[in-house]
Amino acid sequence: MKLFVYSMRDFDEKPFFDKFCEKYDVEYGYTAEAPCLANAELAAGYDAVDIITTVIDRELIDKFYQLGIKCISTRTIGYDHIDWKYAKKLGMGITNVTYSPSSVADFTVMLILMGLRKMKHIMMRGDVQDFTLRGKLARELPGCTVGVIGTGRIGETVIRNLTGFGCEILAYDPYQKESVKALGEYVELEQLFCESDIITLHVPATDENYHLIDNNALRMMKNGVGIVNCARGALIDSDALIDAIESEKVGFACLDVVEHESGLYYFDRMGEPLGNPRLAILRSYANVIVTSHMAFYTDEAVANMAENSILGAKKYFTGEENPFEV
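Residues numbered from 1 in each chain as written. Predicted model: local features only at pLDDT ≥ 70, side-chain atom pairs only at ≥ 80, totals over all residues. Heavy atoms only, no water.

Peer 1: When you look at the sheet that holds strand β9 (residues 198-201) in this model, what are you seeing that I'm missing?
Peer 2: Adjacent strands of a sheet form backbone hydrogen bonds with each other and so pair up, either parallel or antiparallel. If you walk across this open sheet you meet the seven strands as β8-β7-β6-β9-β10-β11-β12, and the pairing is parallel. Looking along the sheet, the strands with just one partner apiece sit at the ends: β8 (185-186) and β12 (288-290). One ladder, built from two bridges, connects strand β7 (residues 168-172) with β8; its direction is parallel. In the sheet register, L170 faces β8, and the bridge partner there is E185. Across the sheet, helix α4 (residues 101-116) touches β9, β10 (225-229), β11 (250-255) and β12, and the angle it forms with β11 is around 150°. (Pairing = 2+ DSSP bridges. Helix = DSSP H or I, 4+ residues; strand = E, 2+ residues; numbered from the N terminus. Contact = heavy atoms within 4.5 Å. Axes fitted to C-alpha atoms, helices over the stretch in contact; angles between N-to-C directions.)

Peer 1: Looking at this structure, I do not really get the UniProt feature "domain: D-isomer specific 2-hydroxyacid dehydrogenase NAD-binding" (unreviewed entry) in the protein. What am I missing?
Peer 2: The feature "domain: D-isomer specific 2-hydroxyacid dehydrogenase NAD-binding" (unreviewed entry), as given by UniProt, occupies residues 110-295 in the numbering adopted here. The distance separating the terminal C-alpha atoms of residues 110-295 is 10 Å; by composition the span is 33% helix and 16% strand. (UniProt positions renumbered as here; feature names shortened; annotations may be inferred.)

Peer 1: What's the story with the pattern of salt bridges in this structure? I'm lost.
Peer 2: A pair can form between side chains of opposite charge whenever their charged atoms are brought close. A full pass over the atoms with the stated rule returns 19 salt bridges. Across the pair K23 and E307 runs a salt bridge, and its minimum N-O distance is 3.7 Å. Taken as a pair, K23 in helix α1 (residues 14-23) and E307 in helix α12 (residues 299-318) lie far apart in primary sequence, 284 residues in all. We note a salt bridge from E41 to K63, for which the minimum N-O separation is 3.0 Å. Separated by 22 residues along the polypeptide, E41 in the loop between β2 (27-30) and β3 (48-51) and K63 in helix α2 (residues 58-66) bring together distant segments of the chain. (Salt bridge = Lys/Arg side-chain N within 4 Å of Asp/Glu carboxyl O.)

Peer 1: How do you make sense of α2 when you look at a structure like this?
Peer 2: Because the α-helix completes a turn every 3.6 residues, residues three or four places apart line up on one side. Listing the buried residues of α2 in full gives L60, I61 and F64. Taken down its axis, α2 places every buried residue within 100° of arc, on the same side. Away from the buried face of α2 by more than 90 degrees, exposed residues E59 and Q66 are located. On the buried face of α2, the contacting elements are β3, β4 (71-74) and α3 (84-89). Downstream of α2 by one or two residues, G68 has phi in the positive range, about 95°. (Buried < 20%, exposed > 50% of the residue type's maximum accessible area, 1.4 Å probe, protein only. Arc of directions from axis to C-beta.)

Encoded structure:
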């Protein structure tokens, strides 16, 4: 199999691609550029392309198809950035990856603690040498109820991490797991919204989950609720969230992902307009922490992403049982 890798980072990913392509007997080429119509020709002569979060729309899929690309492998868990249904209609394979759930789960718990302890506000005031206590009074996690939406590998790991803090844990997932029932209580989504002090999201961006957190959901929540999103930006209606922050319905928000982030994250945009005014508004609040879609970013997870994106594509061509095929 011949694999062409887009958006290659030579400072962290390339050593893993060197290692695993040799291990699995895969020939590969690469570019640091994100895939687009202007550079699609770089993949000519290859069997599959390997991407990250760049939007792969119908026009780009058609171009890859014309070039003979038979599989698109994304080294991400989510694949909502690919028009995958259209690609599959053309007969192309789509694969994604899994990686260490502790990467995102650890980051999630860190954000919960930072939100509760008002760390952004404390650090901002510290930068101007305001070391007073006014406005910095925090809450303790053991006295909170945490609602975890989505109990897949990452959501369950978040729950396991939280058990050590002594907080009450509510969970929602259409597919319940006995291992989670031993750690928290499954409830209906509306009950989770109503009873949680903190809500953290760990579900994919599907049509059904689009704007899972909207005006209606926010109205059900406690005053001062904390919201954490390390999953996908489309899960939250940004306008509704901004209104809820302004009205103090939301006490804090910690967002590793936001709507319409494609083309921003993983690029140096210093001194440039963001083209995303809602992101600029969210970043302005002292009680909102915004990170650049990097909850996954550990050495173990990067290794997993490289290896599993290679394996997913290779298994597609060999016809082996493929846990990574969409």
